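Structural characterization, general
As a plain string of letters, each chain reads:
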Amino acid sequence: MAVVFSKERVGHEEVEKFYQFCKNSINTEVASYLEACVRCGICAEACLFYMGENVSGRIDPTLTPAYKADLLREIYKENYTLLGRLKKLFGFGLKIEPEDLKEQVRLAFYTCTNCDRCTKACPMGIDTPKLVSIVRGALTYAGLTPKDLADATNMSVEKGSPLGVDTQTFLQRIEFISEEYEVEIPVDKKPSEYLYILSSIELMKFPASVASAAKVLNRAEVNWTVSSLAHEATNFGVFAQSKEVTKEMLRRIVEGARELGIRYIIAPECGHAYQSVRFIAPNVFPEEWTFEVLNIVEFIDKMIKEGKLKINKKVLKERATLHDSCQIGRRGGVLREPRRIMNMVSEDFRDSVLIPEHNICCGGGGGVLVIGDADYYRQKAFISKMTLFDKAKAKTVVCYCANCMLALTKSSQELKRDYRFVSIVELVAEATGEE
Ligand code: SF4
Ligand code: SF4
């Protein structure tokens, strides 16, 4: 049964629902962000969508981060400022038309990946992605989630994964990977200290990455397992901003992990999955969430430091640069770890940014990759991204998020570029193999 909808017809009922959701989402923190904007425009140059158009010779002011929160700001003013209330009282209130909501879908779902780069640039410290997330939530509440994203979100709830990977498919796929790559992958081993959760994108499209993670976990000699219940790390409820779906997907992880007596959850090469289990889950399940969460890159770095994993060789010979996952890197703070690893596995690593926090998003995060109608914007965003690869003079780009790899590969092929995208965990698996 669908829990997220994608209505084709937008009427006044949807406008009213959108309005009420926005109004009710304004707390002190949100109000301070909405009040603090001085319209300086600095965030424009931080946004990969705005920059992508700019590099292509077009200026589209609607892609400025501050503009993406403008309707929410108007709703705030109308309800929470004296002037706004007076205007409404005398019949000069906001008039939101159904067409306006279609524009909000474009702004919030097609042209924002929740990458947080604009927040870092804003002199007032405004968390624009938080504001855009409220707009997303309001659109989802009104039944206006983009169709591709709504379908994938509903598939997650129904089958267990946005790609339709149910428990049986998961187990078959694990068996296949285990045989094909000759690696032991324990399933539902009880008790286990570490639970490795997977993204179905890796499972179905990058099996070598799953096999590599298993090899690394085995070589570190930790007591680990995957779970037939808590197998899906992705959480499309976060993209759609549906609290119901977010909670349901996390519930499966909580139950699976508790059942196996887990202490550490290892999140895979998937940005929003890390956000979901590391930062959202403890707030959704304050009592039950007793686990420590590590991203697989953090885990590898920790094991190397503790002497439990040994890098035996530099496996990457050609010039290579690093693409940071915004959710694991900029938002999650895991930026030094992948660079330490890169310096160990690569002979010619060249960073594309002086300050790691400044790296640019792949263009497909926040669910943008699955939304077909957002392809134009994703490709433009890739043009911003390419400027960094070219600055580093690198054709080989190492990633630590499967969604980033998929988005970058897709955009690179569509724009007929010859970059090669490689998983950092695969490099570590190779580098920790026999000398
Ligand atoms: S979060 Fe990223 S994509 Fe969204 S408006 Fe800010 S810079 Fe642009
Ligand atoms: S940088 Fe901050 S203050 Fe300036 S326009 Fe953007 S959101 Fe507003």
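Report on the accompanying structure. Predicted, not measured: the structure shown is a model, and the values here were computed from it. (Residues numbered from 1 in each chain as written. Chains lettered and ligands numbered in written order. Predicted model: local features only at pLDDT ≥ 70, side-chain atom pairs only at ≥ 80, totals over all residues. Heavy atoms only, no water.)

1. Let's talk about the site of ligand 1
- Near ligand 1, the surroundings consist of Cys 47, Leu 48, Phe 49, Pro 65, Lys 68, Cys 112, Thr 113, Asn 114, Cys 115, Asp 116, Cys 118 and Pro 129.
- Those elements that provide at least two residues to the shell around ligand 1 are helix H3 (48-55) and helix H4 (65-68).
- Partitioned by chemical class, the residues of the shell around ligand 1 number eight nonpolar, two polar and two charged. (Near = heavy atom within 4 Å. Helix = DSSP H or I, 4+ residues; strand = E, 2+ residues; numbered from the N terminus. Nonpolar A, V, L, I, M, F, W, Y, C, P; charged D, E, K, R; others polar.)

2. Some remarks on the packing of H3 against helix H20 (residues 375-391)
- Packing of H3 against H20 leaves a shortest axis separation of 7 Å and a crossing angle of 80 degrees. Taken as axis vectors, H3 and H20 run roughly perpendicular relative to one another. Between H3 and H20, the residues in contact are Leu 48, Phe 49, Met 51, Gly 52, Glu 53 and Val 55 and Tyr 376, Tyr 377, Arg 378, Lys 380, Ala 381, Ile 383 and Ser 384, respectively.
- Partitioned by chemical class, the residues of the contact of H3 with H20 number eight nonpolar, two polar and three charged. (Axes fitted to C-alpha atoms, helices over the stretch in contact; angles between N-to-C directions. Parallel < 35°, antiparallel > 145°, perpendicular 65-115°, else oblique. Contact = heavy atoms within 4.5 Å.)

3. Some remarks on the pattern of salt bridges
- Tallied over the entire structure, the rule returns 30 salt bridges.
- For Asp 70, the salt bridge identified is with Arg 39, shortest N-O distance 3.1 Å. Highlighted residues: Asp 70 in helix H5 (residues 70-80) and Arg 39 in the loop between helix H2 (28-36) and H3, separated in sequence by 31 residues.
- Asp 70 gets classed as buried once you look at its relative accessible area, which sits at 17%.
- Put simply, Asp 351 and Arg 339 hold a salt bridge, and the shortest N to O gap is 2.6 Å. Here Asp 351 is found in the loop between strand E6 (346-349) and H20, whereas its partner Arg 339 is found in helix H19 (residues 336-345), with twelve residues between them in sequence.
- Classification of Asp 351 as partly exposed rests on a relative accessible area of 26%.
- Here the salt bridges share partners, and the residues they tie into one network are Glu 248, Arg 251, Arg 252 and Glu 255. (Salt bridge = Lys/Arg side-chain N within 4 Å of Asp/Glu carboxyl O. Buried < 20%, exposed > 50% of the residue type's maximum accessible area, 1.4 Å probe, protein only.)

4. Structural notes on the nonpolar core
- Ranked by internal contacts, the top residues of the largest apolar core, which has 76 residues, are Phe 18, Leu 48, Leu 72, Leu 101, Leu 131, Leu 139 and Phe 421.
- Looking at this core element by element, the count peaks at seven residues for H20.
- With near-sequence residues (within four places) excluded, Phe 18 lies in contact with Leu 71, Ile 75, Leu 101, Gln 104, Val 135, Ala 138, Leu 139 and Ala 142.
- Ranked by size, the runner-up nonpolar core spans 72 residues in total, among them Leu 195, Leu 198, Ala 267 and Val 425. (Core = buried A, V, L, I, M, F, W, Y, C linked by side-chain atoms within 4.5 Å.)

5. Concerning a negative patch on the surface
- Where like charges cluster on the molecular surface, the negative patch consists of Glu 175, Glu 179, Glu 180 and Glu 182.
- You can see Glu 175 is positioned in helix H11 (residues 167-180). (Patch = residues over 30% accessible without salt bridge, like charges linked within 9 Å, V, L, I, M, F, W, Y side chains within 5 Å. Areas by Shrake-Rupley, 256 points an atom, 1.4 Å probe, with all protein chains shown as cover. Lys, Arg positive; Asp, Glu negative; His and termini not counted. Charge placed at Lys NZ, Arg CZ, Asp CG, Glu CD.)

6. Concerning the sheet that holds strand E7 (residues 396-399)
- Taking strand neighbours across the sheet as the criterion, the four strands line up as E6-E5-E7-E8 in an open arrangement whose pairing is parallel. Among the strands making up the open sheet, the edge pair consists of E6 and strand E8 (420-423). This sheet shows a mean twist of 45 degrees between the axes of neighbouring strands, independent of strand direction.
- Of the strand pairs in this sheet, strand E5 (residues 316-322) and E6 are connected by three bridges, and their pairing is parallel. (Pairing = 2+ DSSP bridges.)

7. Some details on the side chain of Thr 432
- As for its position among the elements, Thr 432 is in the segment after helix H22 (424-431).
- Under the relative-accessibility criterion, Thr 432 is labelled buried at 8%.
- With residues up to four places along the chain from it excluded, the contact list for Thr 432 reads Arg 219, Leu 309, Lys 310, Ile 311 and Asn 312.

8. Details of a nonpolar patch on the surface
- The grouping of Leu 82, Leu 86, Leu 89, Phe 90 and Phe 92 at the surface amounts to a nonpolar patch, some 620 Å² of accessible area in total.
- The topology assignment puts Leu 82 in helix H6 (residues 82-89).

9. Regarding the sheet that holds strand E4 (residues 292-295)
- Read from one edge of the open sheet, four strands run E2-E1-E3-E4, paired in parallel fashion. The open sheet has two free edges, formed respectively by strand E2 (224-225) and E4, since each of these has just one partner strand.
- In this sheet, E4 lies alongside strand E3 (residues 264-267) in parallel orientation, the contact comprising four bridges. Its bridge partner being in E4, Ile 266 is matched across the sheet by Leu 294.
- Contacts from helix H16 (residues 271-284) reach E3 and E4, with the element oriented near 160 degrees to E4.

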